[in-house]
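Chain by chain, the residues run as shown.
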Amino acid sequence: MNPLLDVSNRQLILFDLDGTLVDSARDLYRAMNLTLADLGRPAITEQQIRTWIGKGASQLCSCVIQYQDQHLDPERQQKLLQHFLLVYQQNLCVETVIYEGVLEFLDCCHKQNKTLVCVTNKPYQAAVELLKQLDLLEYFALVLGGDSLTHRKPHPEPLLHAMQYFSQNLPHTLMIGDSRNDVEAARAAQMDCIVLRYGYNHGEDINRCQPQVLIDSLLELIPTSN
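Residues numbered from 1 in each chain as written. Predicted model: local features only at pLDDT ≥ 70, side-chain atom pairs only at ≥ 80, totals over all residues. Heavy atoms only, no water.

Enquirer: Sorry, what's going on with the sheet that holds strand β1 (residues 12–15) here?
Expert: For sheets, the rule is that strands pair by backbone hydrogen bonds, running either parallel or antiparallel. Reading across from one edge, β5-β4-β1-β6-β7-β8 is the order of the six strands in this open sheet, with parallel pairing throughout. The sheet terminates laterally at β5 (142–144) and β8 (213–215), the two strands that pair on one side only. Averaged over all neighbouring strand pairs, the angle between strand axes comes to 25 degrees, with direction disregarded. One ladder, built from four bridges, connects β1 with strand β6 (residues 173–177); its direction is parallel. Of the residues in β6, the one forming a bridge with Leu14 is Met175. Against the sheet, helix α5 (residues 102–111) makes contact with β1, β4 (115–119) and β6, and its axis sits at roughly 155 degrees relative to β1, the strand it touches most. Against the sheet, helix α8 (residues 180–189) makes contact with β6 and β7 (193–196), and its axis sits at roughly 175 degrees relative to β7, the strand it touches most. (Pairing = 2+ DSSP bridges. Helix = DSSP H or I, 4+ residues; strand = E, 2+ residues; numbered from the N terminus. Axes fitted to C-alpha atoms, helices over the stretch in contact; angles between N-to-C directions. Contact = heavy atoms within 4.5 Å.)

Enquirer: Teacher, can you tell me more about the side chain of Thr120 here?
Expert: As for its position among the elements, Thr120 is in the loop between β4 and α6 (124–133). For Thr120, a relative accessible area of 3% gives the class buried. A distance of 2.9 Å separates a polar atom in the side chain of Thr120 from the backbone nitrogen of Lys122. (Buried < 20%, exposed > 50% of the residue type's maximum accessible area, 1.4 Å probe, protein only. Polar contact = N/O pair within 3.5 Å; in protein donor to acceptor, adjacent residues only side chain to side chain.)

Enquirer: Can you help me understand the pairing of β7 in this one?
Expert: Two faces, one strand: in a regular strand the side chains alternate between the faces of the sheet. Judged by which residues are buried, β7 turns out to be covered on both faces: Cys193 and Val195 on one side and Ile194 and Leu196 on the other are all buried. As judged from the three bridges shared by β6 and β7, these two strands associate in the parallel manner. Note on β7: the bridge partner recorded for Ile176 is Ile194. On the question of chirality, the crossover connecting β6 to the parallel β7 by way of α8 is right-handed. (Right-handed = clockwise from strand over helix to strand, strands pointing away.)

Enquirer: Is there a simple way to explain unusual backbone geometry in this structure?
Expert: Cis geometry marks the peptide bond from Lys153 to Pro154; its omega dihedral reads 15 degrees. Mapped onto the elements of the fold, Pro154 is located in the loop between β5 and α7 (157–165). Phi at Gln70 takes a positive value of approximately 65 degrees, unusual for a residue other than glycine. Here Gln70 shows up in the loop between α3 (57–69) and α4 (74–89). Although it is not a glycine, Gln190 adopts a positive phi angle of roughly 60 degrees. Along the chain, the position of Gln190 falls in the loop between α8 and β7. What makes Gln190 exposed here is its relative accessible area of 66%.

Given below as structure tokens:
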């Protein structure tokens with residue numbers, strides 16, 4: 001067994017949100033097409049959304065504009081972004097679901113008195129509200145959104161901030177994510193990182209990111225004795 005799968009000595013565990021804890025693609029797809037309709041733009045497909053999400057709302061809107069206009073107009077991107085954020089905030093949890101194994105692992109961590117942090121590129125307010133609507137917020141001692149600090153993933157700042165905030169060190173800290181952003185942020189922070197195969201990685205094979213270890217479910221991190 002890969003020694004990283006033994007999380008018993010990890011006191012601080014950082015989780016990505018979209019594609020790691022929850023499958024939110026259908027609500028992002030729904031909100032984007034409502035936004036595009038409001039702005040008189042053509043709809044996009046759910047598969048396109050699944051390919052583009054993971055780097056934050058601003059990057060998602062950039063991908064949409066670039067695809068539809070064949071170039072990126074910053075003014076149109078900002079207009080789309082502002083409207084999308086308003087629409088999405090009102091449609092956060094229509095079809096979003098928690099991935100299998102997530103609740104079991106969060107409960108296991110809670111019983112072991114581990115400190116859990118959600119580190120996402122989703123805007124802070126949307127992340128908190130989504131976690132609240134899914135009854136997940138109570139598990140997390142801290143939530144860091146893409147707009148919480150100066151930098152967001154793949155910059156290591158959010159990961160290092162969480163570690164410093166709780167006065168933890170690297171051997172007792174772990175990042176769990178699903179995409180290149182998570183892998184690169186953890187690598188830059190010199191932090192161990194476990195990656196889930198089922199998430200979003202912008203259409204790229206996650207193996208190309210050379211993660212330390214890949215798993216199919218968070219259930220794999222629960223000791224069999226539990």
